[in-house]
Amino acid sequence: MTRKVRKAVFPAAGLGTRFLPATKSMPKEMLPLVDKPLIQYGVEEAKHSGVQNIIIVTGRGKTAIEDHFDVSFELEHLLESRHKKDLLAIVRSVSDLIDVSYARQKEALGLGHAVLRAQALVGDEPFSVILSDDIIDSDTPCLRQLLDVYEFYSAPVLALMEVPKESISAYGVVDAEPVAHNGGRDRLYRIRNLVEKPKAADAPSNLAIIGRYVLTPDIFTSLETIPPGSGGEIQLTDGLKHLLRSRPIYGYKFEGKRYDAGDKQGFLQATVEFALKRHDLGANFLQYLKSLKL
Ligand code: UTP
């Protein structure tokens, strides 16, 4: 029987150099999209996908993440004494969201290395991984879409997206064959090979891996085995390539719109689109944008 995925790992120990100087003293994961930190979107996606436990892998200078998901007695007391009930509810809803535990990555030695740091808290069970700078707006949460595939095949599943050739070398890229699924052959793939950040000319396809994974615990053995790869880092893509020798891995072209909020351009696009969708801001913000007469 397929074991239920109860845990989601959030690697959040990267240096966030593309957002310096903002990330000099503040984690990238705490950058707000409108008024909510990036990582909270991911945590809410995990919760809405049926995950019960969150494991955040943090590094130096990341205490703001821990404080964000903790109870803030002083703030709650202040809001209560000022009768700010709505704000109090917002603050409490964050700490009440879900059970969160923390693992530490002392040095940013790569995404695969960060996932490996969560091994003791994950244990011997399947788990998911969410990179919170990939914001995915969809009717069915992206992680839920992957979990549906996992529950059918009992195999690791990666989120896939078609990307233009000019930007393919920023991603992990798969060589994959389509598989019939739910009456179509356009979303599910069986992975034949994976390569981290290939040159455009060497990319095996235009299918890039996006920051959502459902993994089985044997990935930890693979991550322990592989040498450092692209950028001198232990890459999750290389770990998956190693795992592919011993079990099938699937990729799923998810439904939804993805924003690369770890990059300035993607972050700005997400900010504008999320603000436009807000009931309390959208109409006024649209008027403002139109007034710019670009
Ligand atoms: P990125 O590739 O976006 O790297 O990591 P980064 O360091 O966060 O940002 P830049 O490129 O310097 O601007 C993808 C995800 O993997 C995590 C990051 O926190 C991010 O969520 N990560 C990366 C780690 O947790 N540890 C690492 O050693 C590397």
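Okay, so let's go over this structure. Quick caveat, the model's predicted, so the values are computed rather than measured. Residue numbering note: each chain is counted from 1, following its sequence as written. Selection of residues for local features in this predicted model requires a pLDDT of at least 70, selection of side-chain atom pairs for listing and counting requires 80 or more, and totals for whole chains, interfaces and linings are taken over all residues. Based on all heavy atoms of the structure, the side-chain values leave hydrogens and waters out of the count.

Some points on the overall build of the protein
The numbering of helices and of strands both runs from the N terminus, where a helix is a DSSP run of H or I of at least 4 residues and a strand a run of E of at least 2. Summing up its helical and strand segments, the protein has eleven helices and 13 strands in all. The C-alpha extent of the protein, read off along each of the three principal axes, is 60 × 50 × 40 Å. For the protein, buried positions account for 47% of its 294 residues. Taken as a whole, the protein presents about 15,100 Å² of accessible surface, with 52% of it coming from carbon and sulfur. When a residue's accessible area, from a 1.4 Å probe over protein chains only, is under 20% of the maximum for its type it is buried; when over 50% it is exposed; and in between it is partly exposed. The protein chains shown are the only cover counted for residues, whose accessible areas, like all others here, come from Shrake-Rupley with a 1.4 Å probe.

Some words on the packing of aromatic side chains
By convention, a stacked pair of Phe, Tyr or Trp rings (six-membered ring in the case of Trp) has centres within 6.5 Å and planes under 30 degrees apart, an edge-to-face pair has planes over 60 apart, and any other such pair is tilted. Inspection of every chain in the model, using the stated rule, returns seven aromatic pairs. Centroid distance F127 to F220: 5.1 Å. Interplanar angle 0 degrees. Geometry classified as stacked. Of this pair, F127 sits in strand β6 (residues 127-130) while F220 sits in helix α8 (residues 219-225); the two residues are 93 residues apart in sequence, bridging distant segments of the chain. An identical accessibility class is assigned to F127 and F220; each is buried. Ring centres of F285 and Y288 lie 6.2 Å apart, and the angle between their planes is 20 degrees; this geometry places the pair in the stacked category. Within this pair, F285 and its partner Y288 are both found in helix α11 (residues 282-291), separated by three residues, close to a single helical turn. Grouping aromatic residues by their ring pairs yields a cluster made of Y41, Y259 and F274.

So, the nonpolar core
Residues enter a nonpolar core if they are buried and are Ala, Val, Leu, Ile, Met, Phe, Trp, Tyr or Cys, with the set joined through side-chain atoms within 4.5 Å. Grouped together as the largest cluster of nonpolar side chains are 39 residues, with contacts concentrated most on F10 and I54. Of all the secondary-structure elements, those providing two or more residues to this core are β1 (7-12), α1 (38-48), β4 (53-58), α2 (63-69), α7 (142-153), β8 (157-162), β11 (207-215) and β12 (250-253). For this core, the leading source of residues is α7, giving six residues. Should any heavy atoms of two residues lie within 4.5 Å, those residues are considered in contact. In contact with I54, not counting residues within four places along its chain, are A8, F10, V43, A46, I98, D99, V100 and S101. Counting 33 residues, the second largest nonpolar core, distinct from the first, contains L116, V129, L223 and I249.

Some points on the site of the ligand
Put simply, a residue is near a molecule or strand once any heavy atom of it comes within 4 Å of that molecule or strand. The ligand sits among 17 residues. The nearest are T17, R18, K28, Q105 and G110. The backbone of R18 places a nitrogen or oxygen atom 2.7 Å from an oxygen atom of the ligand. Between N or O atoms, a polar contact is any pair within 3.5 Å; within protein, one atom must be a potential hydrogen donor and the other a potential acceptor, and residues adjacent in sequence are included only when both atoms are from side chains. Contact between the ligand and Q105: a nitrogen atom at 2.7 Å from a side-chain N or O atom of the residue. Burial of the ligand by the protein amounts to 83% of the accessible area it has alone, namely 570 Å². A class-by-class count of the residues in the shell around the ligand yields eight nonpolar, five polar and four charged. Gly falls in the polar group here, along with every residue not listed as nonpolar (Ala, Val, Leu, Ile, Met, Phe, Trp, Tyr, Cys, Pro) or charged (Asp, Glu, Lys, Arg).

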